[in-house]
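Here is what each chain is made of, one letter per residue.
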Amino acid sequence: MPDRPEITVLLKDWSAGNAVARDRLMPLVYDELQRIARRAMAGEHAGHTLQPTALVHEVFARLIDADIDWQDRAHFYALCARMMRRLLVNHAESVRAAKRGGDALRVTLEGLPEAATGSDEDLLVIDEALNRLAEFDARKADLIELQYFAGLSFREMSAVTGLSSSTLDRELRLARAWLKDTLLANS
Amino acid sequence: MTPELWQRIEAAFAQALELVPEQRPPYLDALAVRDPEAAAQVRRLIAADAADDQRLRQPIGRALETFGEELDDPWIDRRLGAYRITRRIATGGMGAVFLAERVDAQFEQQVAIKLVGTQTLAADAQARFRAERQILAGMQHPFIAHLLDGGTTEDGAAYLVMEYVVGEPIDAYCTAHHLPVDATLRLFKKVCAAVAYAHRNLVVHRDLKPGNILVDAQGDPKLLDFGIAKLISDTPDTAEQTVQRLTPDYASPEQILGEPVTTVSDVYALGVLLYKLLSGQRPYELAGLRPAEVERLVVETGPIRPSVASRGSDAGEALPAELDALVLKAMNPEPEQRYASVLALSEDIDRYLSGQPLQARAGGWWYPARKFLHRHTAAVGLAVTLFIGALVAAGYHNKTLTAERDEARFEASRAQAVTDFLIDLFRQANPNESQGEDISAREILDTGATQLDEHLSDQPRIRAELRRSIGTVYAYLGLYQAAATQFRDAVALHEDLDDPAGLGRSLSGLGEALLDLGQLDEAALIHERALNLRRQTFGDVSIPVAYSLSELGYVRFSAGDYVASDALGREALTILEQSGATDDDYYSNLLHSLAQSLQIQDRLTEAEQFFRRSLEWDLDHHGERHTNSLTSLHDLASVLVQLERFVEAEPLFLKVAAIETDMLGPDYPQHNLTLNSLGQLYQKMERLDDAERYLRDAVEHARRVRGAEHPHTAYLIVGLVNLLNERARFDEAQSLVDEALAIYAATVPDDYPHLATARIAQARTLIGLSRLPAAETAARQALAVCAAALPAGHWLAERAQALVDETVAAQSAGTH
């Protein structure tokens, strides 16, 4: 496991504008997310499902000193949300790559649900739409990441971003509406 | 998207959302003139805003789920015989499917490996499994995926190695390629040929469905999983197990009922498949239904004809009615009534393709109806669309009100059947009366209501559902009497059917309609009945019971029985909490209603608690900038004023006022009420300058937004008059109170309750001006209004009486 003080320092450096610190932080967070996810799946509680909220909070608890200030915390959660998104998108892309010639891979066994390719495709569509949103309103795309990929609650988001609940509500609502509309138009 | 455009969209979106929904279209219309580009986008965004976020939430949740499963998959990289597993394709209760490759890699060959069952097979079962495998491996047909190999793992689980087929499920293929009817039939004949080949080898498929029939790049079908169903489970299933395991849409009634399965069971599945391919629709929506419900739907109700169903979809080509007969014969619930073999089905398709009379043509009851419809489809079209729209809305409403999960699921699957029948019904409705004009939704409703019995005489269940849907739509249109009639019929039908869930919903609808009609006693009786029924059906602690309690509570509240109403409301709250159903606005609204009821009863400390809970919930779920949160905040502050905790109330009112202006704009109609509340608060705090400023602002706001001649403006003016009386500025007060009374005289009847307040204020002003006889007259007029408009002993009446006494005493003192 990566050294905790070191990560806190990286985080502070990045908050202070050091992009190198961010680049070093990203793989650490990515790996930790994956590690914790694996441990959660292999864990004692068989049959439970992964929750973004739980994963992200656990990564935070494991990597970061509790007493960092809120700007650093905000940066960290934003990074976690981004890494969580990348993790899932990478996975969905590898599933897509497993299909040949663009045809859906469908082999079913009696009584089995069809392969979960649909949700992977849906995820990639969401990813694409978020990229487009980020082109003209990066802040809203970040907020969506926090809400859906890091699973933060409204209050947590308000605490982490420092935005007032009214601003947050307004921004999220528009971002969500735009995404829902874009997804609908793509379907 | 340019940043400038996005900024305009953002501003307009925020503005539009702050308006009540009815005010949005005019706002957007106005915007469309100024800025058509932004207006078009905002329209779409407003529509999207109303939709839930499952499209966002679900894929992310599911992606995480599959990701997590793969991380922990002990099967990946494992070797089975000559194969190495590379990826899990699907998982289910009965086993799993993997993608695998040959380890010896003499040539690259990908295969699909099916792990059948997670349990170890007993020795004799293993032997049977091997024997069956031999038969399946012997099947060689170009349209059947080949079984390559099989075995058991070291821990004794059986697996099969199959040809790995890349292709599209046949239904998706037909849709994607817009396959015309004739081409679809020719493709379907290839499927029949493969099934017939298997039947000659004494293998029944048992689970034919689109997911098991892939179409490859050459356009040829490939059937998967032949005989696997038998291989996996040699012991006869109970009906319950079969339904869980099989794809119920394609399983024949005899399979569902656990009766012997034969080659005509495959004929049934092929019939359902052909239905789907030709109409684009499934004949039934069976997922999640219990076997008894499936049986009832399939055996008693039957599907609507594919040619009718296909018109609901965007299938380009009209479906000839001859094919209805063919499809429905194949999927007849009675095995003896179906085609005797797949070959016979295939031959009838040949007859159709070559224009000969069909074997299936015998019955033909639908034929005249179809011709009739063909002539009138266009005229009926728009009206049906309108009506279905209303019905979908009604369905949505029902769903939020009946959140009990099983019930909702049943309702959802039922909704499809109901809608199908509606389309069918209205296509058969006689449009001659309308002379080719479009028929209004109301007319469609009326026609539907009168024709239901005739057209669906043998389907009481569907009829009951439709009666309730029509009732709900009537209620939306404000036609409560008509709504009550429909609900009553639905109640009677559900009673005969012994369907407590449906009966509960219909009773609930009837109760609401009766309340709207002002028949409170009857409404209470009906809701009580629904309540008792739901208690028996769902148990005391269940969401339907909570809804019934709160509905009954509202009736009691309307009747002025606050004690009973509160008790019911609290019980409903407790149940929602115990059921974990506290995330719906319904919960917060219930808290708020309880608080208001307590406030009316002057139980202010309790009212405060409930307003606080409601406020906390609203803030948590909607944030501060939401009209629910604002209302809660305002009402909490008003209770604090009544409790004389002015210092706590002040910041709350100020906050409401600030958010209102900021979020809802300067012309938000309710804003002057907040200003008025602030003015009255300062008056009580004896900060009279502040009080006057806010009360004057309130009046100005109302004059501007509501109009100078509006009774609401008069009401606010009277508030200002009271302050001026207190400040002994009686001349100013007099001209204002005269203005208020003139507005009332022009706009409201003589027994308008607020007239009493105005007359009392006037009496005070006149006393201040020492015009005692006129003051006495005003006080007596106030008393008369109280007598006409308010319950006996109301505090306003007491106040008016005190003023009468005061003026009379003063006058007699003056004369003596």
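Residues numbered from 1 in each chain as written. Chains lettered and ligands numbered in written order. Predicted model: local features only at pLDDT ≥ 70, side-chain atom pairs only at ≥ 80, totals over all residues.

Student: I'm lost on the overall build of chain A in this one. Help?
Tutor: When helices and strands are counted, chain A shows eight helices and zero strands. Starting at the N terminus, the α and β elements of chain A follow one another as α-α-α-α-α-α-α-α. The proportion of buried residues among the 187 residues of chain A is 42%. (Helix = DSSP H or I, 4+ residues; strand = E, 2+ residues; numbered from the N terminus. Buried ≥ 20, exposed ≤ 12 C-beta atoms within 10 Å, placed from the backbone.)

Student: Looking at this model, I keep getting lost on the overall build of chain B. Mind explaining?
Tutor: The secondary structure content of chain B amounts to 35 helices and nine strands. Of all 816 residues assigned to chain B, the portion counted as buried reaches 45%.

Student: Explain the sheet that holds strand S9 (residues 221-223) of chain B to me, please; I cannot follow it from the model alone.
Tutor: The strands making up a sheet are joined through hydrogen bonds of the backbone, oriented either antiparallel or parallel. Residues and elements named next belong to chain B. Spatially, S7-S8-S9 is the arrangement adopted by the three strands of the open sheet, whose pairing is antiparallel. Looking at which strands have only one partner, the edges of the open sheet turn out to be strand S7 (168-169) and S9. Here three bridges tie strand S8 (residues 213-215) to S9, and the two strands are oriented antiparallel to one another. Note on S9: the bridge partner recorded for Leu214 is Lys222. (Pairing = 2+ DSSP bridges.)

Student: I would appreciate a short explanation of the environment of Thr175 of chain B in the present structure.
Tutor: All names here are of chain B. Looking at the element boundaries, Thr175 is found in helix H6 (residues 170-176). Residue class for Thr175 comes out partly exposed when judged on the 17 C-beta atoms lying within 10 Å of it. Linking Thr175 and Leu277, residues 102 residues apart in sequence, is a C-alpha distance of 8.1 Å.

Student: Honestly, helix H32 (residues 730-747) of chain B in this entry has me stumped. Any pointers?
Tutor: Since the α-helix turns once every 3.6 residues, residues separated by three or four places project in the same direction. Residues and elements named next belong to chain B. Its 18 residues place the ends of H32 25 Å apart at the C-alpha level, agreeing with the 26 Å of an ideal helix rising 1.5 Å per residue. Every buried residue of H32 is accounted for by Ala733, Leu736, Val737, Ala740, Leu741, Ile743 and Tyr744. Projection of H32 onto a plane perpendicular to its axis shows the buried side chains occupying an angular sector of 155 degrees, all on one side. For H32, the exposed residues lying more than 90 degrees away from the buried face are Asp731, Ser735, Ala742, Ala745 and Ala746. Where H32 is buried, its residues touch helix H31 (711-726) and helix H33 (753-768). (Expected span 1.5 Å × (residues − 1). Arc of directions from axis to C-beta. Contact = placed C-beta atoms within 7 Å.)

Student: Looking at this structure, how should I read the packing of helix H25 (residues 585-600) of chain B against helix H26 (residues 604-622) of chain B?
Tutor: The description of two packed helices rests on the angle between their axes and on the distance between the axes. All names here are of chain B. Interaxial distance between H25 and H26 falls to 8 Å at its minimum, and their mutual angle equals 160 degrees. Taken together, the axes of H25 and H26 lie roughly antiparallel to each other. Here H25 and H26 pass one another in a crossing that is left-handed. Taken together, the residues of H26 that come into contact with H25 (itself represented by Tyr587, Ser588, Leu591, His592, Leu594, Ala595, Leu598 and Gln599) are Leu604, Glu606, Ala607, Phe610, Phe611, Arg613, Ser614, Trp617 and Asp618. Residue composition of the contact of H25 with H26, by class: ten nonpolar, four polar and three charged. (Axes fitted to C-alpha atoms, helices over the stretch in contact; angles between N-to-C directions. Parallel < 35°, antiparallel > 145°, perpendicular 65-115°, else oblique. Left-handed = near helix turned anticlockwise from the far one by under 90°. Nonpolar A, V, L, I, M, F, W, Y, C, P; charged D, E, K, R; others polar.)

Student: What's the story with the packing of helix H11 (residues 263-279) of chain B against helix H14 (residues 321-330) of chain B in this structure? I'm lost.
Tutor: All names here are of chain B. Taken N-terminus to C-terminus, the directions of H11 and H14 make an angle of 145 degrees; their axes are 7 Å apart at the nearest point. Facing H11, whose interface residues are Val267, Tyr268, Leu270, Gly271, Leu274, Tyr275 and Leu278, H14 presents Leu323, Val327 and Ala330. Its residues assigned to classes, the contact of H11 with H14 comprises nine nonpolar, one polar and no charged.

Student: Sorry, what's going on with the pairing of strand S6 (residues 158-163) of chain B here?
Tutor: Remark: a regular strand shows side chains that alternate across the two faces of the sheet. Residue and element names in this part refer to chain B. Burial analysis of S6 places five of its six residues in the buried class, the great majority of the element. Taken together, the five bridges between strand S5 (residues 147-152) and S6 define a ladder with antiparallel strand orientation. Across the sheet, the residue bridging to Thr152 is Ala158, located in S6. Taken together, S5 and the strand that follows it, S6, pair antiparallel across an intervening segment of five residues, in which Gly156 is found at a positive phi of about 90 degrees.

Student: Looking at this structure, I do not really get helix H22 (residues 520-538) of chain B. What am I missing?
Tutor: Residue and element names in this part refer to chain B. Between the first and last C-alpha of H22 there are 26 Å, a value that for 19 residues agrees with the 27 Å anticipated at 1.5 Å per step. Listed in full, the buried residues belonging to H22 are Ala523, Ala524, Ile526, His527, Ala530, Leu531, Leu533, Arg534 and Phe538. Packing partners of the buried residues in H22 comprise helix H21 (500-516) and helix H23 (543-558). Gly539 lies just past H22 and shows a positive phi near 95 degrees.

Student: I would appreciate a short explanation of the nonpolar core in the present structure.
Tutor: Residues and elements named next belong to chain B. In this structure, Val721, Ala740 and Ala782 are the most contacted members of the largest nonpolar core, which totals 107 residues. Contact partners of Ala782, with chain neighbours within four places excluded, come to Ala756, Arg759, Ile760, Ala763 and Ala800. Counting residues in hydrophobic clusters, the runner-up holds 69 residues, among them Leu80, Val215, Val267 and Tyr268. (Core = buried A, V, L, I, M, F, W, Y, C linked by C-beta atoms within 7 Å.)

Student: Sorry if this is basic, but what is going on with the confidence of the model for chain B here?
Tutor: Predicted coordinates in regions of low pLDDT should not be interpreted in detail. All names here are of chain B. Of all residues in chain B, 78% attain a pLDDT of 70 or more, and the chain-wide mean is 79. pLDDT under 50 marks residues 362-413. Its contacts with residues more than four places away, or in other chains, come to 75 contacts. Low pLDDT (under 50) marks residues 427-440, which in the prediction has 23 contacts with non-local residues, meaning those over four places away or in another chain. Across the interfaces of the predicted complex, the ipTM metric reaches 0.82, alongside a pTM of 0.40. (pLDDT = per-residue confidence, 0-100.)

Student: Help me understand unusual backbone geometry, please; the structure alone is not making it clear to me.
Tutor: Residues and elements named next belong to chain B. The phi dihedral of His178 falls on the positive side, at around 45 degrees, and the residue is not glycine. If you trace the backbone, His178 turns up in the loop between H6 and helix H7 (181-200). If you check the backbone angles, Asp498 has positive phi at about 55 degrees while not being a glycine. Its place among the elements puts Asp498 in the loop between helix H20 (480-497) and H21. For Asp498, a count of 8 C-beta atoms within 10 Å translates into the label exposed.

Student: I keep staring at the environment of Pro210 of chain B and nothing clicks. Help me out?
Tutor: Residues and elements named next belong to chain B. Summarising the element assignment, Pro210 is placed in the loop between H7 and S8. For the pair Pro210 and Leu273, spaced 63 residues apart in sequence, the C-alpha to C-alpha distance is 7.0 Å. Among all residues touching Pro210, those that are not within four sequence positions of it are Pro169, Ile170, Asp171, Leu273 and Lys276.

Student: I'm lost on the environment of Leu278 of chain B in this one. Help?
Tutor: Residue and element names in this part refer to chain B. Looking at the secondary structure, you find Leu278 in helix H11. By the C-beta count within 10 Å, which is 26 here, Leu278 ends up buried. Along the chain, Leu278 and Asp324 lie 46 residues apart, while their C-alpha atoms are 9.7 Å from each other. Not counting chain neighbours up to four residues away, the residues in contact with Leu278 comprise Val181, Thr184, Pro306, Ser310, Leu319, Leu323 and Val327.

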